[in-house]
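Structure at a glance
Spelled out, the chains give:
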Amino acid sequence: MHQPNPSPTTSPATLPPHDREIEQAFLGGVMNWSEQHPGNPGMEKMAGIVKPEHLYGPIHQAIWRAMLAVHERSEQLTVFSLKAQLQDMNRLDDVGGIVYLVELLDLALIAPDLRSYARVILECYRDRELAECLTQLGADSRLRKGTAAIVQEVFDLRPKGIV
């Protein structure tokens, strides 16, 4: 499991599972790959696998939504087209501005392994969903779902579509 990055006021045990560095590398990697390869092949591959809700927190979700919007318009994904899209969505300041977008590019490897990054993101998402399911199960004594159904629901959260 991927350990969350604790903030000074939050212990690792209280944060939902996520991996900030992998998410940053994923977002920067898709941008980097798309800037270097016309036609957005990295975006094309990842758009059908990773959904905004798979990412942890509103900043990376907003950036991924903006990247998907640029892709859906068949525009070349660059830091500038992403900046413009985030401005149109009134989210540029929320995500840290152009400075954070450039940081994402800086964190990306030249040849990112986007499938591996996506796999980690989906595993963390599954773990968050499992934790939420178990929290609800423990908190709601009126829940009458059988154990077998709960186990099946949890296993249905496994990442699909990644080789």
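First, a word on what this report is: a plain description of the structure on this page. Keep in mind it's a predicted model, so treat the numbers as computed, not measured. (Residues numbered from 1 in each chain as written. Predicted model: local features only at pLDDT ≥ 70, side-chain atom pairs only at ≥ 80, totals over all residues. Heavy atoms only, no water.)

**Some thoughts on the nonpolar core**
In this structure, F26, V30, I63, W64, M67 and L82 are the most contacted members of the largest nonpolar core, which totals 36 residues. Looking at this core, the elements that each hand over two or more residues are helix 1 (20-36), helix 2 (41-47), helix 3 (58-72), helix 4 (79-88), helix 5 (97-107) and helix 6 (114-139). Those residues in contact with M67 that lie beyond four places of it in its chain are L27, V30, M31, M43, L77 and L82. (Core = buried A, V, L, I, M, F, W, Y, C linked by side-chain atoms within 4.5 Å. Buried < 20%, exposed > 50% of the residue type's maximum accessible area, 1.4 Å probe, protein only. Helix = DSSP H or I, 4+ residues; strand = E, 2+ residues; numbered from the N terminus. Contact = heavy atoms within 4.5 Å.)

**Quick look at the packing of helix 3 against helix 4**
In contact at an axis separation of 9 Å, helix 3 and helix 4 are set at 110 degrees when each is read in the N-to-C sense. Comparing the axis directions of helix 3 and helix 4 gives the class roughly perpendicular. Judged by residue contacts, A62, I63, A66, M67, A69 and V70 of helix 3 engage S81, L82, Q85 and L86 from helix 4. Classifying every residue of the contact of helix 3 with helix 4 gives eight nonpolar, two polar and no charged. (Axes fitted to C-alpha atoms, helices over the stretch in contact; angles between N-to-C directions. Parallel < 35°, antiparallel > 145°, perpendicular 65-115°, else oblique. Nonpolar A, V, L, I, M, F, W, Y, C, P; charged D, E, K, R; others polar.)

**Focus on the environment of A47**
Note on placement: A47 falls in helix 2. A sequence separation of 25 residues divides A47 from E72, and the C-alpha atoms of the two residues are 9.4 Å apart.

**Quick look at the packing of helix 3 against helix 5**
One way to put it is that helix 3 packs onto helix 5 with a least axis distance of 13 Å and a crossing angle of 85 degrees. The pairing of helix 3 with helix 5 is recorded here as roughly perpendicular in orientation. Packed against helix 3, whose contacting residues are I59, H60 and I63, the element helix 5 presents Y100, L101 and L104 at the interface. Here the residues of the contact of helix 3 with helix 5 are counted per class, giving five nonpolar, one polar and no charged.

**Concerning unusual backbone geometry**
For S74, which is not glycine, the phi dihedral falls at a positive 60 degrees. Turning to its location among the elements, S74 is positioned in the loop between helix 3 and helix 4.

**Quick word on the environment of A25**
With respect to the element layout, A25 can be found in helix 1. Look at A25 and you get buried, because its relative accessible area is 9%. Taking the C-alpha atoms as reference, A25 lies 7.5 Å from Y117; in sequence the two are 92 residues apart. Setting aside residues no more than four positions away along its own chain, A25 makes contact with A108 and Y117.

Read these as layout, nothing more, since geometry by itself doesn't imply function.
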